[in-house]
Structures are given as C-alpha cells and as structure tokens.
Amino acid sequence: MAVAYETDLAKLGTLTGYSGPDQPDDDLLRACVHCGMCLPSCPTYRLTGQEMSSPRGRLWLMRGVADGRLDLLDPIFDEQMYQCLNCRACEAVCPSGVHYGPLVEAARSQLERHRPRPVWQRVLRRVALGGVFGDQRVFRAVVGGLRLYQRSGLAALVRRTGVLKPLKLAETERMMPPVAARFLRPGAERWTPSSPARAVRLFNGCVMGTVFADTNRAAGRVLAHNGAAVDVPVGQQCCGALHVHAGMMDEARALAKTNIAAFEAAPDGEIAVTAAGCGAALKEYGFLLKDDPAWAERARAFADRVRDVTELLADRPLAVPTQAVDRIVTYQEPCHLAHAQRITAQPRAILDAIPGLTLVEMRESSLCCGSAGIYNLIRREMAEELGDRKARHVLETPATAVVTANPGCAMQLRASLARNGSAASVVHVVEVLDEAYGGSAAWPPEGGREPGGSRPQRP
Ligand code: SF4
Ligand code: SF4
C-alpha cells in the first residue's frame, strides 16, 4: 500500500539558508545531474511514488535551501530529510558519484542546529543518544536491565497481559532477541591461534558487545581459525553512527576521538567490525574530522585500518570449513555493507564455502529492510511496510534462515518475519561459519527454541 506524504510545493516559503558548521557540501550537491537513475533503488520512492521522496527530489530540496529558494525550516524539508532512510542505495548506483549520505546527514545537522524543538524532544535525544549510547557504562546497565526483564519471567507476564499494545511497544519488544548471558568486555577476552599470522583488533560496538556478544565471540573464533590473534582494545565507545544519522555531529566527533585514541593504543593490525552500520561510520571518521587539524590525519589513519569482518575473512584464502551445515538460507544485504561499503560478494563467498549449506537468493536482497538505525522505532509505518515486503520475499524462498551482518537488520527481520508468520531464524555470517568450524550452532533446530529465550512472538 502506498503511503501518502504531504508535498505541497505552494507551501514553500522563505528563507533561512544553511549557516554555521556542517553545511551540505556545495560541490557534492551540484554533482547531481538529475538523471533519475537512482529512483528505482530508493525504498521511499518505491513506496510513495513521489518525486519529493526520491534521492533526486531530496537533493533538489537541499539545493533549494543552498540557493535561497527554500526555507531551511520548511516542514516539507524537515519531513523529507527524516523520511529518508539514509540507506545509501542511491549512492551506490549514481553514475555521477553523488556522495548522498554525508549530504543528508549535514542537512539534518543544520535542522538540529537551527530548528526549534519541543523541550521534551531535546531532553529525550540528549538522554537516549547522549546519555545512554554516549556512555558504555550506562548502555550496559540499560541492556543488563533488559536481560533481567527477559530472564525473570517478567517479559512473558507483560506479554500475556497485553499492556504493551496500547503503548505501541509490542513491536519493539518483538524485535529484541534474547540478550547474551555474558557481555563482551574489552580487554577481558582474546582469541589466539597456535601460530598467529596477523593481529586483529575487534571493535566491540554497543549492541554487538552486549545483546549480540556471542556473535562477536563467534567472530573472534573464526578470525583465530584463520590465523589472526584477536583482542578487544579497552577504552572503546559507541561508533557514533546513530548520532551522525540524527544530525548530532559534535557528539559523533567526540565519540570518534575516543575510539581513535583507544585503537591508537593498539597500533598494529586491522580493526574488525561485525556491524555493518558501525563499520560504515568508522570508515568515515576521516570525513567526519576532516576540518579538525589536530585529528584529521589520525582519523584517516584509523579509518584505513577498519574492515568489515567478512571483508577481512575474504581477503585471504579461507580456512576450509569441515563440518556440514545442512540448511537452506537466504542473505539479506545490510544497506551499510552493500551500499555504503560496497561489500556484496564477500559474505556470499563465505557462505558458498560452507559444506551442506545452500544459499538461495531472495528478490530485492539489497533493498532496505526498514531498520535504518532507529528509523523503525520512530517511523513505524514506512519501516513496517518495508519489513513486510522483505518478509514476503523471504517466504517466497525455501530458506529456513536469513543470514545478515548487522544488528539493526537482524532485529527488524526478526520482528517482520514473526509478524508475517515465518519461523525463519536470523543469524550473522560469522555464526554460520563458526558452526562450520565446529562451534555451537547459533540458531535453533527447525521449530525449536532459541538459546536463552523463546521464539519471536507472533501477533
Ligand atoms: S543517479 Fe545521481 S546524478 Fe542521477 S538523479 Fe540520482 S543522485 Fe542525481
Ligand atoms: S538514502 Fe535511501 S531512502 Fe534516502 S534517498 Fe537514498 S535511496 Fe532513498
């Protein structure tokens, strides 16, 4: 069903242009030649059919503000900058090389600097993105509370009473996988093969290091199986991706500096990342800090070391997996892996190398699933429509599991599949490879229960 959005050009008024730091780069904006080749790749254009909701339409709006034809504070500009999923599918297909991601992020930053927001919204953003995601100790305490909620039986009780439905929180709860029994603490765990050929430093991440800590452990094991000595440097913080997407550039830069310093203390080796969204953000630290003379070079050097874990595994001959994994799976491409990092072949090559495993392609595997950071929490309608579309494509295949490489996609897929009556599991590429190397299976037997929790709830 198409979603209707207001795009009344007659309402466009005058005129507050860009000002201060983090303005959309004028040369990047003018690189768009309006060819329209990006339109079929854009999820919001596919759903709405409206030019304004396409990359070309949004670039036209951004340029309108730059040229003084459109008010920065116009509600249509605001709506379109935030309706965009920042999935960057448009960027990957643009023949003119329009670097769309930084443009929409800069436009949001301008809105956040200049647009009056209700006090409660300002406080909520400060608490959620600054206070919780901005401090690993607070984040871990919050996820620890969630784990207690899941394991104490309170979650089952709350579900039975149905109190979450009127609060519109039932869908949010359905997304959450069982939180790992033990968080991964930087400095506390390492994986060392008998004769290490290289050093790899694991970026832990907020959600990956807590909710999905066992996936990070699987990454450590498979990298060690491939000759890497893996550790998790201390002093890491959130990558800042959510802050960049929300236009909170100063907060993102502060987190970037902390991470750069933490990994400079472990100077040799590549930095492995298990979350596509984090990887894309970390690789762009050079761009984020380009105007800071004290940090620009350090940020570039840091970004040069960052690799998605599938990229690292595929850049050398893979240690041969010996244990058959008799499953049929399909692969959902995380946007920030496929479009922002252009990594599409490596995860498939890893899956193809696993004996017994059959990889079947679903339709539109690279179309956004609707997760997009916290988009699925704040823009439910569009996110659910994309999630349902994705679930239908999975259901068209014989796959009993969806493999992906990003925690946001994993949670969104989990909720969408359950909502659409699918019992398919959702796993990370490294978990499948870990099983093929003799590690424990990350997914339940078909029709069974997940480790540490129940299957996703259906409506
Ligand atoms: S493909 Fe590139 S140049 Fe063409 S309309 Fe889209 S952004 Fe502009
Ligand atoms: S980032 Fe994604 S949603 Fe936004 S304009 Fe580009 S393709 Fe469309």
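Model, not experiment: these values are computed from the prediction. (Residues numbered from 1 in each chain as written. Chains lettered and ligands numbered in written order. Predicted model: local features only at pLDDT ≥ 70, side-chain atom pairs only at ≥ 80, totals over all residues.)

**Q** Whenever I open this one, the overall build of the chain confuses me. Can you help?
**A** Helix and strand counts for the chain come out as 23 helices and 9 strands. Its C-alpha atoms give the chain a radius of gyration of 22 Å, near enough to 23 Å, the size a compact globule of 459 residues would have. With the C-alpha coordinates aligned to their principal axes, the bounding extent of the chain is approximately 65 × 50 × 40 Å. For the chain, the residues scored as buried account for 47% of the 459 residues in total. (Helix = DSSP H or I, 4+ residues; strand = E, 2+ residues; numbered from the N terminus. Rg over C-alpha atoms; globule rule 2.2 N^0.38 Å. Buried ≥ 20, exposed ≤ 12 C-beta atoms within 10 Å, placed from the backbone.)

**Q** Looking at this model, I keep getting lost on the domain arrangement of the chain. Mind explaining?
**A** Size of an interface, as often reported, equals the accessible area lost when the parts are brought together. If you check the domain split of the chain, you get domain 1 (13-114), domain 2 (119-175), domain 3 (190-314) and domain 4 (328-436). Of note, the centres of domain 2 and domain 3, computed from C-alpha atoms alone, are 26 Å apart. Tallying the contact residues gives 9 residues for domain 2 and 11 residues for domain 3. Within the residue set of the side of domain 2 that touches domain 3, elements represented by two or more residues are α7 (119-132) and α8 (136-151). Per-element accounting of the side of domain 2 that touches domain 3 gives the leading share, 4 residues, to α8. (Domains from an automatic or database assignment. Contact = placed C-beta atoms within 7 Å.)

**Q** Is there a simple way to explain the nonpolar core in this structure?
**A** Soluble globular proteins tend to pack their nonpolar side chains together in the buried interior. Among the nonpolar cores identified, the biggest contains 129 residues, and Leu223, Ala272 and Val432 are the most heavily contacted of them. It is helix α22 (residues 407-419) that contributes the most residues to this core, 7 residues altogether. Not counting the four nearest positions on each side in its chain, leucine 223 is found in contact with Trp191, Val200, Ala228, Val230, Ala272 and Leu312. (Core = buried A, V, L, I, M, F, W, Y, C linked by C-beta atoms within 7 Å.)

**Q** Explain the sheet that holds strand β8 (residues 401-404) to me, please; I cannot follow it from the model alone.
**A** Sheets are built from strands that pair by backbone hydrogen bonding, the pairs being arranged parallel or antiparallel. Across the sheet, 4 strands lie side by side as β7-β6-β8-β9; this open sheet has parallel pairing. With one partner strand each, in any of the chains shown, β7 (358-359) and β9 (425-428) form the two edges of the open sheet. Bridging between strand β6 (residues 328-331) and β7 involves 2 bridges; their strand directions are parallel. Along β7, the bridge assignment pairs valine 329 with leucine 359. (Pairing = 2+ DSSP bridges.)

**Q** Would you mind going over the sheet that holds strand β2 (residues 198-203) with me for this structure?
**A** As summarised here, the arrangement of the 5 strands in space is β1-β3-β2-β4-β5, forming an open sheet in which the pairing is mixed. The open sheet has two edge strands with one neighbour each: β1 (190-191) and β5 (306-308). Here β2 runs beside strand β4 (residues 270-273); their pairing, made up of 4 bridges, is parallel. Bridge assignment links valine 200 to a residue of β4, and that residue is glutamate 270. Lying on the sheet, helix α14 (residues 276-283) is in contact with β2, β4 and β5; it crosses β5 at an angle near 155°. (Axes fitted to C-alpha atoms, helices over the stretch in contact; angles between N-to-C directions.)

**Q** I keep staring at the site of ligand 1 and nothing clicks. Help me out?
**A** Surveying the vicinity of ligand 1 reveals 14 residues, the closest of which are Cys32, Cys35, Cys38, Cys94 and Ser96. Per-element accounting of the shell around ligand 1 gives the leading share, 3 residues, to helix α3 (residues 55-66). Looking at the shell around ligand 1, its residues break down into 10 nonpolar, 3 polar and 1 charged. (Near = placed C-beta within 6 Å. Nonpolar A, V, L, I, M, F, W, Y, C, P; charged D, E, K, R; others polar.)

**Q** Please clarify how the confidence of the model for the chain should be interpreted in this entry.
**A** Summing up the model confidence of the chain, the mean pLDDT is 90 and the portion of residues at 70 or higher is 92%. Below a pLDDT of 50 lies the segment residues 1-14, which in the model reaches 24 contacts outside its immediate sequence neighbourhood of four places, other chains included. Within the model, pLDDT remains below 50 along residues 447-459, and this stretch shows 21 contacts once partners closer than five positions in the same chain are excluded. (pLDDT = per-residue confidence, 0-100.)

**Q** What's the story with the pairing of strand β3 (residues 228-231) in this structure? I'm lost.
**A** Pairing between β1 and β3: 2 bridges, direction antiparallel. Within the sheet, the bridge partner assigned to tryptophan 191 lies in β3 and is valine 230. Pairing of β2 with β3 involves 4 bridges; the strand directions are parallel. Across the sheet, the residue bridging to alanine 199 is alanine 229, located in β3. The parallel pair β2 and β3, bridged by helix α11 (residues 213-225), forms a crossover whose chirality is right-handed. (Right-handed = clockwise from strand over helix to strand, strands pointing away.)

**Q** Explain the packing of α11 against helix α23 (residues 429-436) to me, please; I cannot follow it from the model alone.
**A** What describes two packed helices is the angle between their axes and the distance between those same axes. Taken N-terminus to C-terminus, the directions of α11 and α23 make an angle of 55°; their axes are 8 Å apart at the nearest point. Between α11 and α23, the interaxial angle falls into the category oblique. Crossing geometry of α11 relative to α23 is assigned as left-handed. Packed against α11, whose contacting residues are Thr215, Ala218, Ala219, Arg221 and Val222, the element α23 presents Val430, Glu431, Leu433 and Asp434 at the interface. A breakdown of the residues in the contact of α11 with α23 according to their chemical character gives 5 nonpolar, 1 polar and 3 charged. (Parallel < 35°, antiparallel > 145°, perpendicular 65-115°, else oblique. Left-handed = near helix turned anticlockwise from the far one by under 90°.)

**Q** What should I look at first to understand the packing of helix α19 (residues 345-352) against α23 in this one?
**A** Closest axis-to-axis distance for the α19/α23 pair is 10 Å, and the angle between their directions is 25°. On the basis of the axis angle, α19 is roughly parallel to α23. Considering the relative orientation of α19 and α23, their crossing is left-handed. Contact residues: α19 offers Pro347, Ile350 and Leu351, while α23 offers Val429, Val432 and Leu433.

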